[in-house]
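Chain residues, written in single-letter form:
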Amino acid sequence: MSYVMAIANQKGGVGKTTTSINLSACLASSRVKVLLVDLDSQGNATSGLGINKNDLEQDMYDVLINGVRMDKVIVPTAWKNLWVAPATMNLAGAEIDLIEKKNRALSLKKQLDKVRDNYDYIIIDCPPSLSLLTINALTAADSVLIPIQCEFYALEGVTQLIQTVDRVRTTSNPSLFVEGIVMTMADTRTNLSNDVVAAVHDHFPDLLYKTMIPRSVRLGEAPSYGQPITVYDPKSKAADAYRALAREVKRRAK
Ligand SMILES: Nc1ncnc2c1ncn2[C@@H]1O[C@H](COP(=O)(O)OP(=O)(O)OP(=O)(O)O)[C@@H](O)[C@H]1O
Ligand SMILES: [Mg+2]
């Protein structure tokens, strides 16, 4: 049985893509098959796993709008057990083109259902908005993982995101649930970081993952080499953290 997890937070720059890339890579190195679906026209998850966007003839836009089968756009990465359904700038047009479609929230689910049995885990990297692409991700997913950055306005928007999850549950995906919250860019030496973690814990005691992703320059560097942190700097604290997160995700997904 495959498990589909959307990584979402409409707030920009909170670590969605970094978490998508590194969680996917860590799961794949634990000998399960993983597909990372890039649903952001920035295509950072695609390039972050070493895929050259200029080489692609088709991307998720073609899947969602032109009905191209997902197995036609999925590309292998340099790493065993890890595939990407890529995004390019083209995907920016999908928001508008989806509006014209009947069952516009269901486009991704319909396509993903045809390939989901080929993978153990499918991770969807969402764009920084609660737009139709994110709604498609939430409709196709079993669960949502919310990365929250350890900074002052961290909780802003999380309530709205959880309301959106509730709305999707009542309209198109009754079994959707919030899988968990992972704190990113944590710096336990600062009061602010610790205060934010405490606040998130107060609000969502059952959802907070034990694993926190530390702030790490290496995590910012790795994508420019097209590598996950476990390849770029396997002995770093950040690599340890993403391996621990993958273990926690696997335990919860059981
Ligand atoms: N733990 C971390 N430590 C240091 N830098 C990080 C960490 N996680 C992410 N970053 C950096 O912060 C920036 C934003 O991260 P990322 O792209 O993962 O966020 P995002 O939520 O996907 O952003 P967007 O909303 O634009 O899609 C990137 O430059 C990334 O390299
Ligand atoms: Mg992103």
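Above this text you will find the structure in question.
Residues numbered from 1 in each chain as written. Chains lettered and ligands numbered in written order. Predicted model: local features only at pLDDT ≥ 70, side-chain atom pairs only at ≥ 80, totals over all residues. Heavy atoms only, no water.

Peer 1: It is not clear to me how the site of ligand 1 should be interpreted in this structure. Could you clarify?
Peer 2: Around ligand 1 sit 18 residues, and of these K16, T17, T18, P214 and S216 come closest. The contact in question runs from an oxygen atom of ligand 1 to an N or O atom on the side chain of D40, over 3.4 Å. Looking at the shell around ligand 1, the elements with two or more residues in it are α1 (16-28) and α10 (217-221). The element contributing the most residues to the shell around ligand 1 is α1, with 3 residues. (Near = heavy atom within 4 Å. Polar contact = N/O pair within 3.5 Å; in protein donor to acceptor, adjacent residues only side chain to side chain. Helix = DSSP H or I, 4+ residues; strand = E, 2+ residues; numbered from the N terminus.)

Peer 1: Would you explain the pairing of strand β6 (residues 143-149) in this entry?
Peer 2: Note on strand geometry: in a regular strand, side chains alternate between the two faces of the sheet. Burial analysis of β6 places 7 of its 7 residues in the buried class, the great majority of the element. A two-sided burial pattern is seen for β6, the buried positions comprising S143, L145, P147 and Q149 on one face and V144, I146 and I148 on the other. One ladder, built from 7 bridges, connects β6 with strand β7 (residues 177-184); its direction is parallel. Directly across from I146, in β7, lies its bridge partner I181. With helix α8 (residues 158-171) bridging β6 and the parallel β7, this β-α-β connection has right-handed handedness. (Buried < 20%, exposed > 50% of the residue type's maximum accessible area, 1.4 Å probe, protein only. Pairing = 2+ DSSP bridges. Right-handed = clockwise from strand over helix to strand, strands pointing away.)

Peer 1: Honestly, a positive patch on the surface in this entry has me stumped. Any pointers?
Peer 2: A surface patch of positive charge is lined by K210, R247, R251, R252 and K254. Counting through the fold element by element, R252 comes out in helix α12 (residues 237-253). For R252, a relative accessible area of 31% translates into the label partly exposed. (Patch = residues over 30% accessible without salt bridge, like charges linked within 9 Å, V, L, I, M, F, W, Y side chains within 5 Å. Areas by Shrake-Rupley, 256 points an atom, 1.4 Å probe, with all protein chains shown as cover. Salt bridge = Lys/Arg side-chain N within 4 Å of Asp/Glu carboxyl O. Lys, Arg positive; Asp, Glu negative; His and termini not counted. Charge placed at Lys NZ, Arg CZ, Asp CG, Glu CD.)

Peer 1: Would you take a moment to explain the side chain of D59 for this structure?
Peer 2: The residue D59 is located in the loop between α2 (44-48) and α3 (60-65) in this model. The charged side chain of D59 is buried without a salt bridge, its nearest counter-charge being K53 at 9.0 Å. From its side chain, D59 meets the backbone nitrogen of T88 in a polar contact 2.8 Å long. In contact with D59, not counting residues within four places along its chain, are V73, P86, A87, T88, N90 and L91. (Contact = heavy atoms within 4.5 Å.)

Peer 1: Can you walk me through the packing of aromatic side chains in this structure?
Peer 2: Each aromatic ring pair is described using two quantities: the centre-to-centre distance and the angle formed by the ring planes. Inspection of every chain in the model, using the stated rule, returns 4 aromatic pairs. Between F152 and Y153, the ring centres sit 5.0 Å apart and the planes meet at 75 degrees, which makes this aromatic pair edge-to-face. Overall, the relative accessible area of 62% leaves F152 in the exposed class. Where Y225 meets Y232, the ring centres are 5.1 Å apart and the plane angle is 25 degrees; that geometry is what we call stacked. Look at Y225 and you get exposed, because its relative accessible area is 54%. For R252, the ring lying beneath its charged end belongs to Y209, and the centroid distance is 4.0 Å. (Phe/Tyr/Trp six-rings, centres within 6.5 Å; stacked < 30°, edge-to-face > 60°. Lys NZ or Arg CZ within 6 Å of the ring centre and 35° of its normal.)

Peer 1: When you look at the nonpolar core in this model, what are you seeing that I'm missing?
Peer 2: Soluble, globular proteins show a tendency: their nonpolar side chains are buried together. Judged by nonpolar contacts, the single largest core of 56 residues is most densely connected at V37, M60, M70, L112 and I124. It is helix α7 (residues 132-140) that contributes the most residues to this core, 6 residues altogether. Setting aside its immediate chain neighbours within four residues, I124 contacts V4, M5, A6, I7, V37, L39, L108, L112, A137 and A140. Membership of the second largest hydrophobic core comes to 36 residues, among which are I7, V32, L36 and A246. (Core = buried A, V, L, I, M, F, W, Y, C linked by side-chain atoms within 4.5 Å.)

Peer 1: Is there a simple way to think about the packing of α7 against α8 in this case?
Peer 2: The relative placement of two packed helices comes down to the angle between their axes together with the axis-to-axis distance. Contact geometry for α7 and α8: axes closest at 10 Å, N-to-C directions at 60 degrees. What the angle tells us is that α7 and α8 run oblique. As for the relative orientation of α7 and α8, their crossing is right-handed in sense. Residues I135, L138 and T139 of α7 pack against T164, V165, R167 and V168 of α8. When grouped by side-chain class, the residues that make up the contact of α7 with α8 number 4 nonpolar, 2 polar and 1 charged. (Axes fitted to C-alpha atoms, helices over the stretch in contact; angles between N-to-C directions. Parallel < 35°, antiparallel > 145°, perpendicular 65-115°, else oblique. Left-handed = near helix turned anticlockwise from the far one by under 90°. Nonpolar A, V, L, I, M, F, W, Y, C, P; charged D, E, K, R; others polar.)

Don't take any of this as a statement about function, it's just geometry.
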